Amino acid sequence: MMELRSTLTGRIALTAVATVILLFLALPIMVVLVTSFSKNAFGSFPPQAWTLGWYKSLFANGSKWPAAMSTSALVACLSTVFSLIIGVTAATALTRSELPLRSAVYALVLGPLLIPQIVTALGLFLLFEPASMLGSPIAIALGHTVLASPIAVLILVATLRGIDERLEDAAASMGANRLTIARRITFPLAAPGMIAAAIFSFITSFDEFYISQFLSSVDTVTLPVQIYNSLTFDIDPSVTAISALLIAGAILALALVALVRWLGSGRQESLLSVENTAGIAAPGGEAV
């Protein structure tokens, strides 16, 4: 591989192969996007005629899509809040404390990512059904938190480990307590990671199907469940339009994550440059 990269022919070949693979992976997405503008009700490809009618039908009177989207948005927002609370707490404990059996605790936190989602959904159904919480947005959000919080923990652990602890030591040497250090140093530097964790938690909850299917009711239907019902019990070409909107939303979310991390990348470097110039202040006020 290194020999290929060292020659012009090798770099061209690697670029061509990578481009072909990326186009192959993106082809199904492009088919969905193009089909969403097809006038054919059966979603033929390539389209023989073009229309925006399927997008208009999403918000027509009597459409079930607005209610499903609002329910998914509400559940995703609640799940994001819960995931951030768990993620910040767990990541801080794993990176900033002498936690016993840290590796075992970390593996336990990430455990839901290894368990099949349908098993998790069945367990949550058996948990919430006796409590008569099926169909409650709170119950669905708590269920989604089981899957979203490990992702938040992964991102926040990596973020906190990437923060230079000399900045926290410098603040502590000048008399700042743990709360002040977290509020003035750690959390501001971790803000890009927290935003990324919130975005990925929101996407995970918004797209979750199995838990929503087990915990939803007739009156509380999330968007993935509504898509499944439309594809199973009816031929609804507006599914392609909603799928195109979801793809566009995911692309915008990933672009936002990249932008936030790029804007925050220079913040720690600027603080480090100031710290290296001024030195770490000792308790008596002198620089070390």
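A. Representation of the overall build of the protein. If you tally the helices and strands in the protein, you get 12 helices and 0 strands. Each helix and strand of the protein, placed in order from N terminus to C terminus, yields the pattern α-α-α-α-α-α-α-α-α-α-α-α. Expressed as a percentage of the 288 residues in the protein, the buried residues total 35%. If you take every contact in the protein between residues at least 6 apart in sequence, the share linking residues at least 24 apart comes to 71%. In the form shown here, the protein has an accessible surface area of approximately 16900 Å², with 70% of it arising from carbon and sulfur atoms.

B. The confidence of the model for the protein, seen in detail. Here the protein averages 82 in pLDDT, while 88% of its residues score no lower than 70. In this model residues 278–288 is a low-confidence stretch, pLDDT under 50, and it forms 15 contacts with partners more than four residues away in sequence or in other chains.

C. Examining the side chain of Thr186 more closely. In this structure, Thr186 sits in helix α9 (residues 178–207). The buried category is assigned to Thr186, whose relative accessible area is 8%. Residue contacts for Thr186: discarding those within four places in its chain leaves Leu160, Ile163, Glu168 and Ile181.

D. Broad picture of the layout of surface pockets. By volume, the largest pocket amounts to about 380 Å³. If you trace the largest pocket, you find 14 residues lining it, with Arg96, Glu168, Arg178, Ile181 and Thr186 closest to the centre. The set of elements that each furnish at least two residues to the lining of the largest pocket consists of α4 (65–96), α8 (165–173) and α9. Sorting elements by how many residues they give to the lining of the largest pocket places α9 first, with 5 residues. Split into classes, the residues belonging to the lining of the largest pocket amount to 6 nonpolar, 3 polar and 5 charged.

E. Up close: the packing of aromatic side chains. Applying the stated criterion across every chain yields a total of 5 aromatic pairs. A centroid spacing of 6.3 Å and a plane angle of 70 degrees characterise the contact between Phe125 and Phe214, whose relative ring orientation is edge-to-face. Pair noted here: Phe125 is in helix α6 (residues 117–128) and Phe214 is in helix α10 (residues 210–215), with a separation of 89 residues, a long-range link. A relative accessible area of 27% places Phe125 in the partly exposed class. For Phe214, a relative accessible area of 27% puts it in the partly exposed group.

F. Focus on the nonpolar core. With 24 residues, the main nonpolar core has Tyr106, Val153, Val157 and Ile185 as its most contacted residues. Sorting the residues of this core by element identifies α4, α7 (137–161), α8, α9 and α12 (238–278) as the ones contributing at least two each. Not counting residues within four places of it along the chain, the set of residues in contact with Val153 comprises Ile86, Gly87, Ala90, Leu94, Tyr106 and Val109. The next biggest cluster of nonpolar side chains, apart from the first, holds 14 residues, and it includes Trp65, Met69, Ala76 and Ala241.

G. Molecular detail of empty space enclosed by the protein. In this structure the tally under the stated criterion is 1 cavity of 30 Å³ or more. Roughly 50 Å³ of volume is contained in the largest cavity. What lines the largest cavity is simply Val88, Thr92, Leu156, Leu160, Phe187, Ala190 and Met194. Among the elements that line the lining of the largest cavity, the one with the most residues is α9, at 3 residues. Of the residues in the lining of the largest cavity, the class split is 6 nonpolar, 1 polar and no charged.

H. A look at the side chain of Ser201. Structurally, the position occupied by Ser201 is in helix α9. Exposure remark for Ser201: the relative accessible area of 0% places this residue in the buried category.

I. Inspection of a nonpolar patch on the surface at higher detail. A surface patch of nonpolar side chains, amounting to about 550 Å² of accessible area, comprises Val17, Ile21, Leu22, Phe24 and Leu25. Topologically, Leu22 is positioned in helix α2 (residues 8–35). Exposure remark for Leu22: the relative accessible area of 56% places this residue in the exposed category.

J. How the structure looks around the pattern of salt bridges. This structure, assessed with the given rule, holds 1 salt bridge. For the salt bridge of Arg96 with Glu168, the shortest nitrogen-to-oxygen distance reads 3.1 Å. Placement of Arg96 in helix α4 and of Glu168 in helix α8 is noted, with a sequence separation of 72 residues between them. For Arg96, a relative accessible area of 21% translates into the label partly exposed.

Parameters at a glance
Residues numbered from 1 in each chain as written. Predicted model: local features only at pLDDT ≥ 70, side-chain atom pairs only at ≥ 80, totals over all residues. Heavy atoms only, no water. Helix = DSSP H or I, 4+ residues; strand = E, 2+ residues; numbered from the N terminus. Buried < 20%, exposed > 50% of the residue type's maximum accessible area, 1.4 Å probe, protein only. Contact = heavy atoms within 4.5 Å. Areas by Shrake-Rupley, 256 points an atom, 1.4 Å probe, with all protein chains shown as cover. pLDDT = per-residue confidence, 0-100. 1 Å grid on protein atoms, 1.4 Å probe; cavity = no way out; pocket = protein on both sides within 12 Å on 5 of 7 lines; lining within 4 Å. Points joined across faces, edges and corners; volume = space filled by probe spheres on them. Nonpolar A, V, L, I, M, F, W, Y, C, P; charged D, E, K, R; others polar. Phe/Tyr/Trp six-rings, centres within 6.5 Å; stacked < 30°, edge-to-face > 60°. Core = buried A, V, L, I, M, F, W, Y, C linked by side-chain atoms within 4.5 Å. Patch = residues over 30% accessible without salt bridge, like charges linked within 9 Å, V, L, I, M, F, W, Y side chains within 5 Å. Salt bridge = Lys/Arg side-chain N within 4 Å of Asp/Glu carboxyl O.

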